There are 2 protein chains.
Amino acid sequence: MSAADLPHMSLDEFRKHGHDLIDWIADYLGTIESRPVDHQVQPGDVRAMIPDRAPAAAEPMSEILGDLDRVVMPGMTHWQHPGWFGYFPASSSPAAILGELASAGLAGQGMLWSTSPAITEVESAVLDWLVELMGLPPSWRVDTGPGGGVLQMSASDSTHTALVVARIQATNAGLDASKLVAYGSAQAHSSIEKGARTAGYNHIRLIDVDDTFAMSAPALRAAVEADIAAELHPIWVCSAIGTTGTTAVDPVAEVGALAQEFGLWHHIDAAYAGTAMILPEMRHFQAGVEFADSYTFNPHKWMLTNFDCSVFWVADRAKLIGALSILPPYLRNTASASGEVIDYRDWHVPLGRRFRALKLWFVLRSYGADNLRSYIRSHLDWAQELTAQLDKDPRFEIVAPTTFALVCFRHAAGEEATKALVAKLAEEPSVYVAPSVVNDTTFIRVSIGSTWTERRHVQALWDLIDSAC
Amino acid sequence: MSAADLPHMSLDEFRKHGHDLIDWIADYLGTIESRPVDHQVQPGDVRAMIPDRAPAAAEPMSEILGDLDRVVMPGMTHWQHPGWFGYFPASSSPAAILGELASAGLAGQGMLWSTSPAITEVESAVLDWLVELMGLPPSWRVDTGPGGGVLQMSASDSTHTALVVARIQATNAGLDASKLVAYGSAQAHSSIEKGARTAGYNHIRLIDVDDTFAMSAPALRAAVEADIAAELHPIWVCSAIGTTGTTAVDPVAEVGALAQEFGLWHHIDAAYAGTAMILPEMRHFQAGVEFADSYTFNPHKWMLTNFDCSVFWVADRAKLIGALSILPPYLRNTASASGEVIDYRDWHVPLGRRFRALKLWFVLRSYGADNLRSYIRSHLDWAQELTAQLDKDPRFEIVAPTTFALVCFRHAAGEEATKALVAKLAEEPSVYVAPSVVNDTTFIRVSIGSTWTERRHVQALWDLIDSAC
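Residues numbered from 1 in each chain as written. Chains lettered and ligands numbered in written order. Predicted model: local features only at pLDDT ≥ 70, side-chain atom pairs only at ≥ 80, totals over all residues. Heavy atoms only, no water.

Q: Tell me about the overall build of chain A, and please be specific about residues and values.
A: A count of helical and extended segments in chain A gives 16 helices and 11 strands. The principal-axis extent of the C-alpha atoms belonging to chain A is close to 70 × 70 × 45 Å. Taking all 469 residues of chain A together, the buried fraction comes to 66%. Within chain A, residue pairs in contact and separated by at least 24 positions form 73% of the contacts whose partners lie at least 6 positions apart. Accessible surface computed for chain A: about 14400 Å², of which carbon and sulfur atoms make up 51%. (Helix = DSSP H or I, 4+ residues; strand = E, 2+ residues; numbered from the N terminus. Buried < 20%, exposed > 50% of the residue type's maximum accessible area, 1.4 Å probe, protein only. Contact = heavy atoms within 4.5 Å. Areas by Shrake-Rupley, 256 points an atom, 1.4 Å probe, with all protein chains shown as cover.)

Q: Outline the relation of the copies chain A and chain B, listing residues and values.
A: For the match of chain A to chain B, the screw axis carries a shift of 0.0 Å, the RMSD comes to 0.0 Å, and the turn is 180°. One copy is carried onto the other by what is essentially a two-fold rotation axis. An overlap of 100% is found between the interface residues of chain A and their copies at the interface of chain B, pointing to a shared contact surface. (Least-squares fit on C-alpha atoms with pLDDT ≥ 70 in both.)

Q: Lay out the state of the cysteines in plain terms, naming residues and giving numbers.
A: On inspection of all chains with the given rule, the structure shows 0 disulfides over all chains. The thiol sulfur of Cys408 of chain A is not disulfide-bonded, and the nearest other cysteine sulfur, from Cys469 of chain A, lies at 16 Å. (Disulfide = S-S within 2.5 Å.)

Q: Account for the pattern of salt bridges, with residues named and values stated.
A: Taken as a whole and assessed by the stated rule, the structure comprises 60 salt bridges over all chains. The salt bridge partner of Asp346 of chain A is Arg345 of chain A, with a shortest N-O separation of 3.4 Å. For Asp346 of chain A, a relative accessible area of 8% corresponds to the buried category. With relative accessibility at 4%, the residue Arg345 of chain A sits in the buried group. Here Glu100 of chain B and Arg354 of chain B are joined by a salt bridge, their closest N and O atoms 3.0 Å apart. Residue Glu100 of chain B is found in helix 4 (residues 94-106), and its partner Arg354 of chain B is found in the loop between helix 12 (334-338) and helix 13 (357-367); the two are separated by 254 residues along the sequence. Across the pair, exposure class does not vary: Glu100 of chain B and Arg354 of chain B are buried alike. Residues participating in the shared-partner salt-bridge network are Glu100, Asp308, Arg354, Arg356 and Lys359 of chain A together with Glu100, Asp308, Arg354, Arg356 and Lys359 of chain B. (Salt bridge = Lys/Arg side-chain N within 4 Å of Asp/Glu carboxyl O.)

Q: Explain the packing of aromatic side chains residue by residue, including any values.
A: In the structure shown here, the tally under the stated rule is 36 aromatic pairs over all chains. Aromatic pair Trp140 of chain B and Trp313 of chain B: ring centres 6.4 Å apart, planes at 35°, arrangement tilted. Of this pair, Trp140 of chain B sits in the loop between helix 5 (117-133) and strand 1 (148-152) while Trp313 of chain B is found in strand 7 (residues 310-314), placing the two residues 173 residues apart along the sequence. Accessibility assignment for this pair places Trp140 of chain B and Trp313 of chain B in one class, buried. Taken together, the ring pairs in this structure connect Phe88, Tyr272, Phe285, Trp302 and Phe404 of chain A into an aromatic cluster. Over the ring of Phe88 of chain A we find Arg445 of chain A, and its NZ or CZ is 4.9 Å from the ring centre. Here the basic side chain of Arg365 of chain B rests over the ring of Trp361 of chain B, its NZ or CZ set 4.8 Å away from the ring centre. (Phe/Tyr/Trp six-rings, centres within 6.5 Å; stacked < 30°, edge-to-face > 60°. Lys NZ or Arg CZ within 6 Å of the ring centre and 35° of its normal.)

Q: Requested: an account of the interface of chain A and chain B, with residues and values cited.
A: Contact with chain A, which involves 158 residues of that partner, is made by 158 residues of chain B. Here chain A and chain B share an interface that buries about 13800 Å² over both sides, 66% of which is from carbon and sulfur atoms. At the boundary of chain A and chain B, one finds 16 salt bridges. In this structure, Arg365 of chain A engages Asp67 of chain B in a salt bridge whose closest nitrogen and oxygen atoms are separated by 2.8 Å. Taken together, chain A and chain B are joined by 63 residue pairs in polar contact (both at pLDDT 80 or more). The biggest single contributor to the side of chain A that touches chain B is helix 1 (residues 11-31) of chain A, with 16 residues. Looking at the side of chain A that touches chain B residue by residue, the classes come out as 83 nonpolar, 42 polar and 33 charged. (Buried area = accessible area lost by both parts, 1.4 Å probe. Polar contact = N/O pair within 3.5 Å; in protein donor to acceptor, adjacent residues only side chain to side chain. Nonpolar A, V, L, I, M, F, W, Y, C, P; charged D, E, K, R; others polar.)

Q: How would you summarise the sheet that holds strand 9 (residues 406-411) of chain B if you had to cite specific residues and measurements?
A: Strand pairing in a sheet relies on backbone hydrogen bonds. The paired strands run either parallel or antiparallel. All names here are of chain B. Here we have 4 strands laid out as an open sheet, ordered 8-9-11-10, and antiparallel in their pairing. Each having just a single partner strand, strand 8 (396-400) and strand 10 (434-438) make up the two edges of the open sheet. Strand after strand, the sheet turns through a mean of 45° between neighbouring axes, direction not considered. Along the sheet face, helix 14 (residues 369-391) touches strand 8, strand 9 and strand 11 (441-447) and points at about 15° away from the line of strand 9. (Pairing = 2+ DSSP bridges. Axes fitted to C-alpha atoms, helices over the stretch in contact; angles between N-to-C directions.)

Q: Run through the confidence of the model for chain A, naming residues and quoting values.
A: A residue-level look at chain A finds 99% of positions with pLDDT of 70 or above and a mean pLDDT of 95. Model confidence for the complex: the whole-complex pTM is 0.97, and ipTM, which rates the interface, is 0.97. (pLDDT = per-residue confidence, 0-100.)

See the structure below:
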């Protein structure tokens, strides 16, 4: 096989198809508002358009790219649509797309510093930038330490990692693994329960919440004390800054003090709301963060950076590395042995890692901190505006404080009326909202924060709500 | 904030920068051979070119893209270089880059079927294609079942998941978690030990290997029986098809029979060599695969698909889902409740997931199965040619069979001569090889399989080895 025989697309063809695909993406984003937000298929519809077997012969790239329209598009739910108010945003941006493209083009591996130093050093630098941008403890910077940040795939991975490190520390200290207890609020994200189950905790306590759906610190204390009395070992607690259900904020400082008192690892889940910490006026929500052991937030939610991009900080990286480091002979090298470098493979479960920090670097530079702050402030403003409209209207009830850019409300006439409103909004092609349930009551979550959403889209949603009731 | 006030790059700018970046990638790949394979920096050099703080104001995208050359490039180890013979390949391809770009442009979320059905259904379809292409049990196809495949980030994640599922099954059956035992060979990848530690196994047995570095089935049996006699609970064993050190192949059928006899979960790690199973003549290495419980292989290693793209198959998906499923109210929806669809969030630790199958779909179609087979066969041929050259030369010793496209050799004059050869090759800018150690002896790993490698590059490596001794 010679160069001419290599079966790859020529680089000239790559240029052509690459330009075409860039244009296709620009056209997609430029016209996305004209599409229904939700997908248009039934189970199996997409699959039915795909042959049962891989093709034996090469297919033309133009035909493959054409299938983005024919096969893929009907089955896409358009998370980048300006009418996306579902779940939380998964906000992409032109700068992030370019970053992901550059990363794919370079296709280096960052498992060790030595296997591509730029992958490690750009990542450390950008995560150190975020420490300052978000008002986090300076000791969490890698360059000053003893803490440090690393990119993971998702907050679930970050939370799971924190649970594993705490468990390994506890068993190394001689505690019985079967008696370890982890705590989160009853409104904590499912990743807490899933992570604890995955990490092998037998005991997971979901603590009662108060009227704002924030964890009750007295209830946490009572649970910890009861577990100790029962000869169990409380070792880990999660505070949420912005729960998934209603963006409630747990009492971070109180939980932190309690964690210190009882020797628990204190993990903060700010997966969604962490982005708002770039605003000084919002940082009171994370007061006490300096006593946390770890913290996760997802630039891939609200910071315009394509999934996957979840940040995981630890206050003391030695604990993390001590728990996860394993050094086989084929990964030994002088740079690692010197101790001068970071080998991120020791900071998480996977070994391989792509150049994920590139897109975050592109985003932070392409926007600049000032633009990012005004961008997030507008979402907060629009959420307050919608909240005010709903709040003053006797047809609706606000079910949780609008702390960030999530508005939670229901129909004042009760469960059936709320479900009817959900059903009517589901029929509207221009918006996507998802219902949820709290205290056995259905409510509507309006999450504002999609990249292309403007105030007029929020107003149009209000008009739809108004006319549907 | 109105549309004009949104801080995003305009779509016209995106087109321009996107075209430029596509051209930059084409230029990079087209000229990569003229670069030294290894990076050109010392610890801290990249970081020193990055400011300490994020910029307050937006920077021009042209300047940011310019930093790919200025800041990033000196710190890149070029895994896509045709002289890349280190570790294993991380083979990208033009088709895969386009797939990753399309995924970034769509930026949908595939955590549930309903959040973008195309993400789930393309993934299932493509992984079902691979079942047939690789000669795996038809019951591993999602469409016929009861098995199924899912994409994970890395083989480490797949292996960890298999360990977690086996542990949860065991403890659900009443076994004491502290007495569970996992087994792999002494040559198994570090992800086995790391995964077992992460998943909370107290007992990990690394079983002796034979002269070909394959796990000894009698030694495995002896270890299992000894553990049972000691009232421990053997529950999990990994067979490697192609170990990382030397691509040894464990006796899959024997291990499978033993796993059935003792009720162990049998996981197969074919992270690298799985790709070779698209060749019917190589499938004898996975004889007995039909008795495995799970199997992982990485298209991001040798199947031309950008990292991350690791496949994880289970023979019975109900066991996987049963162990990992947690259903909070905000993720409930009628499609999931119907049982008609796959919700991949229940197949791994993370919740969110991007459209990773797109690039694999693009690769399999853009190449076609016939081209992929001839491409892999050439690597196997070149590896045999290099092996023959080394083997007939009294200066060198082959240290392990060349089973796939990894050649393992050392200098016949002993350890110091081998290390001197390693050092000389490390000074050659046109190639990258990494040493390893087996039985306390240094050897040189030549891994053939980078996308742009031709026979002439392997011959040039031989010339360098020849002239260096």
